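# Summary of structural features
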Amino acid sequence: MTKWEYATIPLIIHATKQILDQWGEDGWELVQVITGPDGNGLVAYLKREKQ
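As the structure is a computational prediction, the values presented were derived from the model and not from experiment.

### A short note on the pairing of strand β2 (residues 29-35)
As paired strands, β2 and strand β3 (residues 42-49) are joined by six bridges and run antiparallel to one another. Along β3, the bridge assignment pairs Ile34 with Val43. Hairpin geometry of β2 and β3 is characterised by an intervening segment of six residues between the two adjacent antiparallel strands and by a positive phi of about 85° at Gly39.

Set out below in structure tokens:
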């Protein structure tokens, strides 16, 4: 059975692509983006297979 690890990261609006590209290069897959707890920012949920 595949085991996953997860991460949540805040997204800075002017650097969203760069942030997600960097995490993607490290093997992370974007699962979802939602509004942050303050109602203003965005939070990305990512996953990758455990090694």
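From this point, the narrative continues.
### Observations regarding the pairing of β3
If a strand is regular, its side chains alternate between the two faces of the sheet. Pairing geometry for strand β1 (residues 4-11) and β3, over eight bridges, is antiparallel. Following the sheet pairing, Thr8 is matched in β3 by Tyr45.

The rules behind each value
Residues numbered from 1 in each chain as written. Predicted model: local features only at pLDDT ≥ 70, side-chain atom pairs only at ≥ 80, totals over all residues. Heavy atoms only, no water. Pairing = 2+ DSSP bridges. Helix = DSSP H or I, 4+ residues; strand = E, 2+ residues; numbered from the N terminus.

By themselves these figures say nothing about function.
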